[in-house]
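# Commentary on secondary and tertiary structure
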Amino acid sequence: MSAKTADRIATGVIYAVSALIVVILAGLLGYIIFRGIGHISWHFLTSAPQTIKAGGGIGPQLFNSLFLLVLTLIITIPLGLGAGIYMSEYAKAGRLTDTIRLIVEVLSSFPSIVIGLFGLLVIVNLFGLGFSLFSGALALTVFNLPLMVRITEQALRGVPREQKEASLALGLSRWKTITSVMLPIATPAIVTGTILAAGRVFGEAAALLFTAGMSSPRLDFTNWNPLDERSPLNPFRPAETLAVHIWKINSEGLAPDASQIAAGASAVLIIMVLVFNFGARWFGRYLHRKFTATK
Amino acid sequence: METQSLTAKNIHVHYGEKEAIKGVSLDFAPREVTALIGPSGCGKSTFLRSLNRMNDTIDNARVTGEIWIDGENINEPGVDVVLLRQKIGMVWQRPNPFHKSIYENIAFGPRYHGIKNKKQLDHIVEDCLRKAALWDETKDRLHNSALALSGGQQQRLCIARSIAVKPKVILMDEPASALDPVSTAKVEELISELKQDYTIVIVTHNMHQAARVSDKTAFFYMGKVVEYDRTEKIFTNPSEKATDDYISGRFG
Ligand SMILES: Nc1ncnc2c1ncn2[C@@H]1O[C@H](COP(=O)(O)OP(=O)(O)OP(=O)(O)O)[C@@H](O)[C@H]1O
Ligand SMILES: [Mg+2]
């Protein structure tokens with residue numbers, strides 16, 4: 001067989017496999033969205049779920065998912081940036097940093113149900129934080145933080161060496177060099193990575209079953225005092241997220257329209273995750289143009 | 001005789017176990033251009049980068065020896081590296097302007113070093129761009145991205161950026177090798193201009209360039225200086241056979 005034929009066959013196989021993956025993905029997305037889209041309405045997105053009657057919505061769950069995401073990012077962004085900067089710019093290559101890097105890798109690929117159980121034992125029970133948004137955010141931190149560290153570290157390493165040296169050669173401190181020269185160049189990659197990682201957090205269910213809990217107290221959406229029991233902003237209340245809600249109504253939903261609700265909620269979830277993905281790319285490119293000041 | 005503005009004494013550089021510079025001592029006189037020439041891999045960049053302690057940023061590099069500037073040995077552990085780098089500017093082979101506007105590229109350094117006054121900064125920007133013969137080409141678009149400039153313009157901007165923090169010495173590592181002939185000529189002209197105010201050390205592979213712009217030339221070979229003398233002498237009547245072989249293109 002000539003090299004040319006071999007090349008053709010290999011190319012053909014690669015194309016076929018890629019096409020297959022695209023078809024499966026598109027089919028899956030299409031199926032979920034098609035099945036659920038009919039059920040999505042303003043009422044569905046904003047009203048509270050019903051236990052036994054039809055016509056329940058997913059308003060609180062949607063809010064919980066977004067709020068939990070924000071809480072998680074409030075914890076992980078500063079820590080992840082700090083640790084990522086340290087790993088990329090300050091840590092000396094050696095056994096210690098290699099070990100830290102290994103732990104970071106392992107943590108981020110931990111099965112989420114294990115993290116959920118760990119959260120139940122340690123965060124919920126041992127620390128006594130109970131089923132709460134805060135417990136959920138801490139559990140999500142366990143795999144979101146390693147991602148943030150890696151995203152930051154890789155983004156900084158991607159900054160051309162000459163950029164950093166040019167700043168140091170002007171007599172600027174290491175810290176000023178990082179904040180004023182390197183981070184602006186790394187920001188698009190960091191933002192893109194963060195939003196992609198946020199997509200995973202948003203769709204997470206297993207880690208939250210036993211940490212953020214499977215119920216939501218009656219929320220009073222006119223009460224914005226974060227310390228109040230019934231306020232949606234209270235981080236110490238239990239909170240069922242959208243993904244957990246889908247799991248719950250699928251397994252034990254009593255409402256007559258439970259399956260439609262699950263389909264609608266799944267479609268909403270998928271659409272949100274898609275929005276995160278495309279949003280991340282678009283926003284990353286926008287920031288890149290803005291920060292590099294290319295017109 | 002005037003005091004030397006930069007003196008390197010018995011410099012050794014190791015990358016891990018490997019010795020890249022094996023005991024180099026050179027004096028650089030003020031307001032002179034010194035060219036470092038030699039075959040690829042002989043250690044010119046390594047030596048140049050130890051002069052402003054840029055090798056500190058490479059994890060496995062170790063520099064020993066003394067480097068004197070302003071009566072101070074800057075290759076000592078206690079020295080404030082940040083402050084000393086302000087005295088020694090640097091220009092790289094590939095133009096590396098910051099991903100900022102033309103104005104910001106120049107104002108960035110001085111502002112960090114304490115000049116906050118807008119008028120003063122404007123003045124510095126204009127002055128440096130004029131010195132780099134770039135003012136006329138850029139004065140109407142100071143706030144546009146520096147990345148939109150041509151390679152040659154970018155390199156002159158990098159030179160302007162380095163003089164904005166008022167260094168005593170400027171180190172240049174093959175500053176024109178990535179440029180077209182016209183831009184190269186401009187950069188060479190600029191070097192001759194800057195010589196009146198600064199001590200310049202330039203690495204080059206271009207023998208004609210070394211002959212045109214430099215007052216003294218050091219020939220490096222395998223981590224050592226084989227010969228260091230006035231440029232005319234090196235190019236017309238070198239003392240060492242290896243130098244002669246190299247400049248006449250018989251090796252390297
Ligand atoms: N970061 C590094 N780690 C290990 N070895 C290095 C490193 N940088 C340079 N070297 C080695 O040190 C020696 C000198 O390299 P250097 O870059 O100083 O040469 P040069 O004279 O500037 O060459 P060129 O003319 O090609 O730029 C080479 O053998 C090179 O392989
Ligand atoms: Mg070199």
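Residues numbered from 1 in each chain as written. Chains lettered and ligands numbered in written order. Predicted model: local features only at pLDDT ≥ 70, side-chain atom pairs only at ≥ 80, totals over all residues. Heavy atoms only, no water.

For the rest of this paragraph, the subject is helix α5 (residues 112-126) of chain A. Residue and element names in this part refer to chain A. Its 15 residues give α5 an end-to-end C-alpha distance of 19 Å, which sits within 8% of 21 Å, the value for a rise of 1.5 Å per residue. Bending of α5 peaks at approximately 35° at the position of G119. On the buried face of α5, the contacting elements are α4 (95-108), α6 (133-157) and α9 (206-209). Following α5 by one or two positions, G128 adopts a phi angle in the positive range, close to 65°. (Helix = DSSP H or I, 4+ residues; strand = E, 2+ residues; numbered from the N terminus. Expected span 1.5 Å × (residues − 1). Bend = angle between axes of the 7 residues up to and from the residue. Contact = heavy atoms within 4.5 Å.)

Attention shifts here to a nonpolar patch on the surface. All names here are of chain A. A surface patch of nonpolar side chains, about 480 Å² in accessible area, is lined by L102, V106, F110, I113, V114 and L117. Contributions of two or more residues to the nonpolar patch are made by α4 and α5. The element best represented in the nonpolar patch is α5, accounting for 3 residues. Positionally, I113 belongs in helix α5. For I113, a relative accessible area of 38% translates into the label partly exposed. (Patch = residues over 30% accessible without salt bridge, like charges linked within 9 Å, V, L, I, M, F, W, Y side chains within 5 Å. Areas by Shrake-Rupley, 256 points an atom, 1.4 Å probe, with all protein chains shown as cover. Salt bridge = Lys/Arg side-chain N within 4 Å of Asp/Glu carboxyl O. Buried < 20%, exposed > 50% of the residue type's maximum accessible area, 1.4 Å probe, protein only.)

All right, on to the interface of chain B and chain A then. With 28 residues of chain B at the interface, the matching set in chain A holds 22 residues. A combined buried area of about 2,200 Å² lies between chain B and chain A, and 61% of that area is made up of carbon and sulfur atoms. Between the two partners, chain B and chain A, sit 2 salt bridges. For R94 of chain B, the salt bridge is made with E162 of chain A, and the minimal N-O distance between the two is 3.7 Å. For the side of chain B that touches chain A, the secondary-structure elements that each account for two or more residues are α2 (81-87), β6 (88-91), α3 (102-112) and α6 (151-163) of chain B. Classifying every residue of the side of chain B that touches chain A by side-chain character gives 12 nonpolar, 10 polar and 6 charged. (Buried area = accessible area lost by both parts, 1.4 Å probe. Nonpolar A, V, L, I, M, F, W, Y, C, P; charged D, E, K, R; others polar.)

Moving on: the UniProt feature "domain: ABC transmembrane type-1" (unreviewed entry) in chain A. As recorded in UniProt, the feature "domain: ABC transmembrane type-1" (unreviewed entry) lies at residues 62-280 of chain A. Secondary structure within residues 62-280 of chain A divides into 73% helix and 0% strand; the distance between the first and last C-alpha atoms comes to 20 Å. (UniProt positions renumbered as here; feature names shortened; annotations may be inferred.)

Quantified by volume, the largest pocket comes out at close to 890 Å³. Taken together, 34 residues make up the lining of the largest pocket; nearest its centre are R174 of chain A together with D56, T57, I58 and D59 of chain B. Among the secondary structure elements, those contributing two or more residues to the lining of the largest pocket are α3 (59-90), α4, α6, α7 (161-169) and α8 (174-203) of chain A together with β4 (61-69) and α2 of chain B. Looking at the lining of the largest pocket residue by residue, the class counts come to 15 nonpolar, 5 polar and 14 charged. Taken as a whole, the second largest pocket holds about 500 Å³ of empty space. (1 Å grid on protein atoms, 1.4 Å probe; cavity = no way out; pocket = protein on both sides within 12 Å on 5 of 7 lines; lining within 4 Å. Points joined across faces, edges and corners; volume = space filled by probe spheres on them.)

Another point: the sheet that holds β6 of chain B. Residue and element names in this part refer to chain B. Across the sheet, 6 strands lie side by side as β6-β7-β8-β3-β9-β10; this open sheet has mixed pairing. Pairing within the sheet leaves two strands with one partner each, and these edge strands are β6 and β10 (224-230). Going across the sheet, the axis of each strand differs from the next one's by a mean of 15°, ignoring polarity. Summarising the sheet, strand β9 (residues 216-221) and β10 pair through 6 bridges and their orientation is antiparallel. Each residue of the ladder has a partner; that of F220, found in β10, is V225. Those strands touched by helix α1 (residues 44-51) are β3 (33-37), β6, β7 (169-173), β8 (199-203) and β9, and its axis lies near 155° from that of β7. (Pairing = 2+ DSSP bridges. Axes fitted to C-alpha atoms, helices over the stretch in contact; angles between N-to-C directions.)

Further remarks concern the site of ligand 1. Residues and elements named next belong to chain B. The environment of ligand 1 is formed by 13 residues, the closest being K18, S40, S45, T46 and H205. The backbone of G41 places a nitrogen or oxygen atom 2.8 Å from an oxygen atom of ligand 1. Here T46 contributes a side-chain N or O atom positioned 2.4 Å from an oxygen atom of ligand 1. Relative to its unbound accessible area of 630 Å², ligand 1 is 64% covered by the protein chains. Of all the elements in the fold, those that place two or more residues in the shell around ligand 1 are β2 (18-28) and α1. (Near = heavy atom within 4 Å. Polar contact = N/O pair within 3.5 Å; in protein donor to acceptor, adjacent residues only side chain to side chain.)

This brings us to unusual backbone geometry. All names here are of chain B. With a phi close to 55°, D70 is a non-glycine residue in the positive phi region. Looking at the element boundaries, D70 is found in the loop between β4 and β5 (72-73). You can call D70 partly exposed: its relative accessible area is 46%. Of note in this structure, E174 is not a glycine but carries a positive phi near 45°.

This brings us to the sheet that holds β5 of chain B. Residues and elements named next belong to chain B. Spatial ordering of the open sheet is given by β2-β1-β4-β5, a layout of 4 strands whose pairing is antiparallel. The open sheet has two edge strands, β2 and β5, and neither has a second partner. Two strands pair when backbone bridges link them, and β4 and β5 are joined in this way by 2 bridges, in the antiparallel orientation. Residue pairing in the sheet places W68 in a bridge with N73 of β5.

Within a regular beta strand, the side chains point alternately toward one face of the sheet and then the other, so they alternate between its two faces. Residues and elements named next belong to chain B. In terms of residue burial, β7 counts as a mostly covered element, since 5 of its 5 residues are buried. On β7, burial covers both faces: V169, L171 and D173 on one face and I170 and M172 on the other are all buried. Pairing of β6 with β7 involves 4 bridges; the strand directions are parallel. Bridge pairing in β7 links M90 to L171. Pairing of β7 with β8 involves 5 bridges; the strand directions are parallel. Residue M172 lies in a different strand from β8, and its bridge partner there is I202. For the crossover that starts at β7, traverses helix α7 (residues 181-194) and ends in the parallel β8, the hand is right-handed. (Right-handed = clockwise from strand over helix to strand, strands pointing away.)

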